[in-house]
Amino acid sequence: MRYALYFSPAENHPLTKAATHWLGRDPFTGETFPTPDVEGLATDIVHELTADPRRYGFHATLKAPFELSPDRTEAELVAAFERFAAETSAFDIPNVIIGQLGRFFALVPDTVYPALQHFAARVVEDFEPFRAPLSEADIARRKPENLSAEHRANLERWGYPYVMDEFRFHMTLTGQVPAEQAPAMRRELDRRFLAFTNAPLAVDGLALFVEPERGAPFIVHRRLALAPASENRKIAS
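Keep in mind the model is a prediction, meaning the values are calculated, not measured. (Residues numbered from 1 in each chain as written. Predicted model: local features only at pLDDT ≥ 70, side-chain atom pairs only at ≥ 80, totals over all residues. Heavy atoms only, no water.)

Enquirer: Which residues make up the overall build of the protein, and what values do they have?
Expert: Of regular secondary structure, the protein possesses eight helices and eight strands. In terms of C-alpha radius of gyration, the protein reaches 17 Å, essentially the compact-globule figure of 18 Å for 237 residues. Projecting the C-alpha coordinates of the protein onto the three principal axes gives extents of approximately 50 × 45 × 35 Å. Among the 237 residues that make up the protein, the fraction classed as buried is 51%. Intrachain contacts of the protein at a sequence separation of at least 6 include 74% that bridge at least 24 residues. Looking at the protein as shown, the accessible area adds up to about 11,400 Å², and 51% of this sits on carbon and sulfur atoms. Mean positive and mean negative side-chain charge positions of the protein (26 and 33 charges, respectively) differ by 1 Å. (Helix = DSSP H or I, 4+ residues; strand = E, 2+ residues; numbered from the N terminus. Rg over C-alpha atoms; globule rule 2.2 N^0.38 Å. Buried < 20%, exposed > 50% of the residue type's maximum accessible area, 1.4 Å probe, protein only. Contact = heavy atoms within 4.5 Å. Areas by Shrake-Rupley, 256 points an atom, 1.4 Å probe, with all protein chains shown as cover. Lys, Arg positive; Asp, Glu negative; His and termini not counted. Charge placed at Lys NZ, Arg CZ, Asp CG, Glu CD.)

This is how it looks when you write it as structure tokens:
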């Protein structure tokens, strides 16, 4: 079993509903949905292009999936999770858009917001004592020989390359989309997520996801609301 700390809107939030119907699976309930129609793309292609984010569930990674340290228990992890949520104020990302990271599409901030970076770094640091060291196989899967020096250092220190200064908040909506299929995908995502883009996104909760066994779909163990936003934390600037 692996655990992960993710941001996810609440189970009944309209964005959660839109994303789970797009990806084809709800990690809160395990319910699955038919592959949506996309003009210009065959249904089997859409199904394939959403396979990876469908397995992980709609989320933004904060603490990447990890095996529990042998000297820690799930009960201790859950207790730390509860403390963190109670002690951390909610805030808004001022503006999110549909963007591309390499060849995959995601809901992303329109720029880097220091308060969001700080929040993500806190999650990585606070839950690091619960992470078991990576196996040699896990390290090899990351192809460290292809990583930058900064990414390799993060992998060795934190078990994941894309943290701290290298962190970029993203809520993945596709896998790697070939260049010739990207325009049709962009049109569909712009249309489908119009109500949620060029608008703030409230970071008002934290979710503990679990992968029951390697390769299995991730499910939400539980999601907790963060503390109410204080006046000086409402904007992530």
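Enquirer: Outline helix α5 (residues 114-126), listing residues and values.
Expert: Here α5 contains 13 residues, and its C-alpha end-to-end distance of 18 Å stays within 8% of the 18 Å for a straight helix at 1.5 Å per residue. Every buried residue belonging to α5 is among A115, L116, Q117, F119, A120, A121, V123 and V124, and all of these are buried. (Expected span 1.5 Å × (residues − 1).)

Enquirer: So what about the pattern of salt bridges? Which residues, and what values?
Expert: Here the structure, examined in full by the defined rule, presents 14 salt bridges. Residue R141 pairs with D138 through a salt bridge whose shortest N-O separation is 2.3 Å. Note that R141 and D138 are positioned in helix α6 (residues 136-141) at a spacing of three residues, about one turn of the helix. On the basis of relative accessible area, R141 is assigned to the exposed category, the value being 54%. Relative accessible area serves as the criterion here: at 12%, D138 is assigned to the buried category. The closest approach of N and O atoms between E188 and R191, which form a salt bridge, is 2.6 Å. Of this pair, E188 and R191 both sit in helix α8 (residues 182-192), three residues apart, which is roughly one turn of that helix. R191 sits in the exposed class, given a relative accessible area of 53%. Bridged by salt links that share partners, the residues K63, E128, R131 and R157 form one connected network. (Salt bridge = Lys/Arg side-chain N within 4 Å of Asp/Glu carboxyl O.)

Enquirer: Any details on the pairing of strand β2 (residues 60-66)? Residues and values, ideally.
Expert: Across the seven residues of β2, seven count as buried, placing the element largely inside the fold. Taken together, the four bridges between strand β1 (residues 2-7) and β2 define a ladder with antiparallel strand orientation. Within β2, the position partnered with Y3 by the bridge is F66. (Pairing = 2+ DSSP bridges.)

Enquirer: Could you give me a rundown of the packing of aromatic side chains, with the residues and numbers involved?
Expert: Ring pairs (aromatic) are described by centroid distance and by the angle formed between their planes. This model, assessed by the stated rule, comprises 11 aromatic pairs. The interplanar angle of 35° and the centroid separation of 6.3 Å between the aromatic rings of Y3 and F66 together place this pair among those described as tilted. With a gap of 63 residues between them, Y3 in strand β1 and F66 in strand β2 connect regions that are remote in the sequence. An angle of 75° between the planes, with centres 5.4 Å apart, marks the rings of F91 and F119 as edge-to-face. (Phe/Tyr/Trp six-rings, centres within 6.5 Å; stacked < 30°, edge-to-face > 60°.)

Enquirer: Outline the side chain of T172, listing residues and values.
Expert: Counting through the fold element by element, T172 comes out in strand β5 (residues 171-172). Leaving out residues up to four positions away in the same chain, T172 has contacts with L23, P53, F58, H59, F104, F105 and A106.

Enquirer: Account for the pairing of strand β7 (residues 205-211), naming residues and giving values.
Expert: Most of β7 sits inside the fold, with seven of its seven residues counted as buried. Alternating positions in β7 separate into two faces, G205, A207, F209 and E211 on one and L206, L208 and V210 on the other, with burial throughout. By the bridge criterion, five bridges tie β1 to β7 in an arrangement that is antiparallel. Paired with Y3 across the strands is V210, a residue of β7. Across six bridges, the pairing between β7 and strand β8 (residues 219-225) is antiparallel. Note on β8: the bridge partner recorded for G205 is A225.

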